[in-house]
Amino acid sequence: MAKKRRTYPGNLRSLWKIEKNPRKGLLSFEWATMAYTLFTLLLIFFTYTKLQHPEALIAGRMRIVAMTAALWAVYRLVPCRLTIFTRVVGQLALLAWWYPDTYELNRVLPNLDHLFATWEQTLMGCQPALLFSQLMPQAWFSELMNLGYASYYPLIVAVLIYYFGWRYQEFERATFVLLGSFFAYYVVFDLLPVVGPQYYYAAIGLDQVAAGVFPNIGDYFNHHAEILPSPGWSDGFFYQMVESAHEAGERPTAAFPSSHVGITLVILMLAWHAHSHRQWLFWAIVPFFVLMFFSTVYIQAHYLIDAFAGLLTGIAFYWLFRKLYTIRP
C-alpha cells in the first residue's frame, strides 16, 4: 500500500503552489486588526485634545491599513501558502507597535494601581511581587524565572509554525484566535490604566510598599516612565535578555490582566487542540506556561491578581474567538 504523500514540510514546493480558489478579501485575522484599528481611531477622536501626538497615532493606523492592503495585493498576484504566511507575519510583527500604543491612549486616564495594590494586600496579606524575589534570590531560580518570561514570543512562533506546517487547514483559525486574544487584551489596556509593580513601586517608593501604603498618584504616568530594575541575578543571560526587551519596548501600561499569562494559556490550548492523540507539543509547553505564571510576579511585571486574571481571560478569549471564527461570514 502506497504511503500518503505529505505536501508540507515533506515537499517545500507546495509553498509556491498557486491556489485554485484564492481568497478574494481580507482574512479573518486581518479583519481583527481592522476592527481594533477602528476602535482605537474612535478613542483617538474622543480624546484628541488630551493626547500628546494624536496626528502621529492616526498616521500610524493609516500605515497599518496600507501595509495590510499591500500584503493582500501581493497575495492576489501570487496566491499561495507562502504569501498567506507573509500576511500572518505582517500582522504579528505589528504587535510590537500596538503594545506601546496602548500607553499613548491610556496615559490620559488616572492611574488605578493604588486600587490593585490595595486589593492585593487585602487578599494576600502582603505584596507577592515584592517578597517573591527576596524569598528566592538564588541565581539559578532567577534565571529559571527569566527563561520562562523570555519564552513568550518563541512559544507563539513555535505553535503557529506547527499549525502552518502540519495543520494548515486550521492555520488561519489558530492565527485568528491568537491575534483576536491579543487585541481583546489591548482593548482592556486602552481603558484600564494599571502599570504594575515595576512602575508603581518606583513611583511611590519601596518604603511605602513595605508599609502597606498605596497612594493614589493620579496622572503621574502621563509624564513619567521610571521603572525598577528587575530583581534577581543581574549577570544572568536570560535576565539580560528580559532587561533588554524592557528597555526596547516596555511602557507603563498593560498590567491587568496579565496578557503574558493569558496568551501563553491560549497557546497551550491551541497546542492541545493541535494533537487529538499525541500531545507532545502540549506537554512541551506546559513547563513554560507554569514558569510564565510565576515569572510575571517574580520580575515584578504584575501583581499576583493580574496573573490569576490572565488565567480566566485566557480561557474566555480562546473560546470566544474560536466561536467567532465559526460564525464569521
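First, a word on what this report is: a plain description of the structure on this page. (Residues numbered from 1 in each chain as written. Predicted model: local features only at pLDDT ≥ 70, side-chain atom pairs only at ≥ 80, totals over all residues. Heavy atoms only, no water.)

**Structural notes on the layout of surface pockets**
- As a volume, the largest pocket reaches approximately 620 Å³.
- Contributing to the lining of the largest pocket are 31 residues, with Tyr-99, Tyr-153, Ala-245, Glu-250 and His-260 lying nearest its centre.
- Examining the composition of the lining of the largest pocket, we find that six residues originate from one element, helix α12 (residues 237-249), more than from any other.
- In the lining of the largest pocket, the residues fall into 22 nonpolar, seven polar and two charged. (1 Å grid on protein atoms, 1.4 Å probe; cavity = no way out; pocket = protein on both sides within 12 Å on 5 of 7 lines; lining within 4 Å. Points joined across faces, edges and corners; volume = space filled by probe spheres on them. Helix = DSSP H or I, 4+ residues; strand = E, 2+ residues; numbered from the N terminus. Nonpolar A, V, L, I, M, F, W, Y, C, P; charged D, E, K, R; others polar.)

**A few points about the packing of aromatic side chains**
- Tallied over the full model, the rule gives 38 aromatic pairs.
- Where Phe-176 meets Tyr-325, the ring centres are 5.9 Å apart and the plane angle is 45°; that geometry is what we call tilted. In this pair, Phe-176 sits in helix α9 (residues 171-191) while Tyr-325 sits in helix α15 (residues 304-327), placing the two residues 149 residues apart along the sequence. The same class applies to Phe-176 as to Tyr-325, namely buried.
- The aromatic ring of Tyr-168 is capped on one face by Arg-81, whose charged end is 4.1 Å from the ring centroid.
- Across the ring face of Tyr-75, the terminal group of Arg-87 is positioned such that the distance to the ring centre comes to 4.9 Å. (Phe/Tyr/Trp six-rings, centres within 6.5 Å; stacked < 30°, edge-to-face > 60°. Buried < 20%, exposed > 50% of the residue type's maximum accessible area, 1.4 Å probe, protein only. Lys NZ or Arg CZ within 6 Å of the ring centre and 35° of its normal.)

**Some details on the pattern of salt bridges**
- One pass over the full model with this rule turns up six salt bridges.
- The salt bridge partner of Arg-61 is Asp-101, with a shortest N-O separation of 2.5 Å. Here the residue Arg-61 occupies a position in helix α2 (residues 54-77), and Asp-101 occupies one in helix α4 (residues 95-106), the gap between them amounting to 40 residues. Here Arg-61 matches Asp-101 in class, with each residue buried.
- Ionic pairing is found between Glu-104 and Arg-107, a salt bridge with its closest N-O pair at 2.9 Å. (Salt bridge = Lys/Arg side-chain N within 4 Å of Asp/Glu carboxyl O.)

**Topic: a nonpolar patch on the surface**
- A surface patch of nonpolar side chains, about 570 Å² in accessible area, is lined by Leu-38, Leu-42, Phe-45, Phe-46 and Tyr-48.
- Along the polypeptide, Phe-45 turns up in helix α1 (residues 28-46). (Patch = residues over 30% accessible without salt bridge, like charges linked within 9 Å, V, L, I, M, F, W, Y side chains within 5 Å. Areas by Shrake-Rupley, 256 points an atom, 1.4 Å probe, with all protein chains shown as cover.)

**A closer look at helix α5 (residues 113-124)**
- With 12 residues, α5 extends 16 Å from end C-alpha to end C-alpha; this agrees with the ideal 16 Å at 1.5 Å per step.
- Where α5 is concerned, the buried positions are Asp-113, His-114, Phe-116, Ala-117 and Glu-120.
- Of the surrounding secondary structure, the elements contacted by the buried residues of α5 are α6 (128-135), α10 (197-204) and α15.
- Gly-125 sits one or two positions beyond α5 and adopts a positive phi of about 75°. (Expected span 1.5 Å × (residues − 1). Contact = heavy atoms within 4.5 Å.)

**Concerning the side chain of His-260**
- Note on placement: His-260 falls in helix α13 (residues 259-274).
- Residue classification places His-260 among the buried residues on the basis of a relative accessible area of 15%.
- Once you skip the residues sitting within four places of it in the chain, His-260 turns out to touch Tyr-149, Tyr-152, Met-292 and Thr-296.

**Details of empty space enclosed by the protein**
- All chains considered together, the criterion is met by two cavities of 30 Å³ or more.
- Its boundaries defined by the atoms lining it, the largest cavity holds a volume of some 70 Å³.
- Taken together, 14 residues make up the lining of the largest cavity; nearest its centre are Asn-106, Arg-107, Leu-109, Pro-193 and Phe-221.
- In terms of residue class, the lining of the largest cavity is built from eight nonpolar, four polar and two charged.
- For the second largest cavity, the calculated volume is near 30 Å³.
- Forming the boundary of the second largest cavity are Tyr-163, Glu-170, Arg-173, Ala-174, Val-177, Leu-270, His-273 and Arg-322.

**Focus on the packing of helix α7 (residues 139-150) against α12**
- Two numbers describe how α7 lies on α12: the axes approach to 7 Å, and their chain directions differ by 45°. As judged from the angle between their axes, α7 and α12 are oblique. Crossing of α7 against α12: the hand is left-handed. When α7 is examined against α12, the residues Ser-142, Glu-143, Asn-146, Leu-147, Tyr-149 and Ala-150 are found in contact with a partner set consisting of Phe-237, Phe-238, Tyr-239, Met-241, Val-242 and His-246.
- Split by residue class, the contact of α7 with α12 holds eight nonpolar, three polar and one charged. (Axes fitted to C-alpha atoms, helices over the stretch in contact; angles between N-to-C directions. Parallel < 35°, antiparallel > 145°, perpendicular 65-115°, else oblique. Left-handed = near helix turned anticlockwise from the far one by under 90°.)

**What to know about the nonpolar core**
- The biggest cluster of nonpolar side chains holds 86 residues, and the ones touching the most others in it are Tyr-186 and Tyr-200.
- If one sorts the elements of this core by residue count, α9 sits on top with 12 residues.
- When neighbours within four sequence positions are excluded, Tyr-186 is seen to be in contact with Tyr-36, Leu-95, Trp-98, Tyr-99 and Thr-102.
- Core analysis: the next-biggest nonpolar cluster, separate from the first, contains six residues, Leu-43, Ile-44, Leu-51 and Leu-57 among them. (Core = buried A, V, L, I, M, F, W, Y, C linked by side-chain atoms within 4.5 Å.)

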